[in-house]
Amino acid sequence: MGDPRKIVYRSLWERNVMMWLDDSKDVVEWASEEIPIKYYNPIKCKQATYYPDFYVKFKSGVSKIIEVKPLKETIKPETPKRKTKNYLAEVSTFAVNQEKWKAAVEACKDKDTTFEVWTEITLKELGLMKEMYVTKPNVPNIKRRESNKRKLKPVRRAKRKS
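All figures in this text were calculated on a predicted structure; none of them were measured in a lab. (Residues numbered from 1 in each chain as written. Predicted model: local features only at pLDDT ≥ 70, side-chain atom pairs only at ≥ 80, totals over all residues. Heavy atoms only, no water.)

Undergrad: Which residues make up the nonpolar core, and what are the values?
TA: Counting 16 residues, the largest nonpolar core has Val17, Leu21, Trp30, Phe54 and Val56 as the members making the most contacts within it. Of all elements in the fold, only strand S1 (7-9), helix H1 (12-23), strand S2 (27-32), strand S5 (54-58) and strand S6 (63-68) reach the threshold of two or more residues within this core. Here this core takes four residues from H1, the largest share from any one element. Residue contacts for Val17: discarding those within four places in its chain leaves Phe54, Val68, Trp118, Leu123 and Leu128. Judged by nonpolar contacts, the second largest core, of 13 residues, contains Ala31, Ile65, Val96 and Trp101. (Core = buried A, V, L, I, M, F, W, Y, C linked by side-chain atoms within 4.5 Å. Buried < 20%, exposed > 50% of the residue type's maximum accessible area, 1.4 Å probe, protein only. Helix = DSSP H or I, 4+ residues; strand = E, 2+ residues; numbered from the N terminus. Contact = heavy atoms within 4.5 Å.)

Undergrad: For helix H2 (residues 85-110), give the residues involved together with the corresponding values.
TA: Compared with an ideal rise of 1.5 Å per residue, which puts 26 residues at 38 Å, H2 spans 39 Å between its outermost C-alpha atoms and is within 8% of the ideal. Taken together, the buried positions of H2 are occupied by Tyr87, Phe94, Val96, Asn97, Lys100, Trp101, Ala103, Ala104 and Cys108. Along its buried surface, H2 packs onto strand S3 (37-41), strand S4 (46-50), S6 and strand S7 (114-118). One or two steps after H2, the chain reaches Asp112, where phi turns positive at roughly 55°. (Expected span 1.5 Å × (residues − 1).)

Undergrad: Mind laying out the confidence of the model for the protein chain, listing which residues take part and the relevant values?
TA: Per-residue pLDDT for the protein chain averages 82, and the proportion of residues at 70 or more is 79%. When the elements of the protein chain are averaged for pLDDT, strand S8 (residues 142-144) gives the smallest value, 46, and S4 the largest, 95. Taken as a whole, residues 131-148 scores under 50 in pLDDT and shows 30 contacts with residues more than four places along the chain or in a different chain. (pLDDT = per-residue confidence, 0-100.)

Undergrad: Account for the sheet that holds S5, naming residues and giving values.
TA: Each strand in a sheet pairs with its neighbour through backbone hydrogen bonds, running either in the same direction (parallel) or in the opposite one (antiparallel). Spatial ordering of the open sheet is given by S2-S5-S6-S7, a layout of four strands whose pairing is mixed. Each edge of the open sheet carries a strand with a single partner, namely S2 and S7. This sheet shows a mean twist of 25° between the axes of neighbouring strands, independent of strand direction. Two elements, S5 and S6, share four bridges in a ladder whose sense is antiparallel. Each residue of the ladder has a partner; that of Lys57, found in S6, is Ser63. Sitting on the sheet, H2 touches S6 and S7, and the angle it makes with S7 is about 150°. (Pairing = 2+ DSSP bridges. Axes fitted to C-alpha atoms, helices over the stretch in contact; angles between N-to-C directions.)

Undergrad: An account of the packing of aromatic side chains is requested, with residue identities and associated values reported.
TA: Scanning the model with the defined rule gives three aromatic pairs in all. Arranged with centres 6.0 Å apart and planes meeting at 70°, the rings of Trp20 and Trp118 form a pair that is edge-to-face. Here the residue Trp20 occupies a position in helix H1, and Trp118 occupies one in strand S7, the gap between them amounting to 98 residues. Of the two residues, Trp20 and Trp118, neither departs from the other in class, the shared state being buried. Aromatic side chains Trp30 and Phe54 sit 6.0 Å apart centroid to centroid with 65° between the ring planes, which places their arrangement in the edge-to-face category. Here Trp30, found in strand S2, pairs with Phe54, found in strand S5; they are 24 residues apart in sequence, far enough to count as distant. Given a relative accessible area of 12%, Trp30 falls into the buried group. (Phe/Tyr/Trp six-rings, centres within 6.5 Å; stacked < 30°, edge-to-face > 60°.)

Here it is as structure tokens:
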């Protein structure tokens, strides 16, 4: 479904889900990041658009919107004694994810679709955590999107004077 030249995955987990969807006889159609959902971003304090990882329609008539995330991003981080940058990043990721998923659940209500977050637990249950597709040849038209993270340049410290 959608433009097959624009299929992207951001992790091996997503790639494995794509291959599972292609191989499943119960899947009628699926799309990768094709459905826009508006949500309020609590960190930027403005409206934003969220594109869930997958839209899947099964032979049974069931439709699902699926997001693939590590379990740690679905659980609110525990507050440490010192609030480090890492902790603040985890809290903001969690807050943004919660808003995205709340908007996705609302969007699904009108369309007779369900929203699910698949973690490594779900992927293990489906048998997708093992590299079961390693022997399969490279799939054309699927590109791994470059990371949005900036590459840090090495910093040279000044030598100390004795």
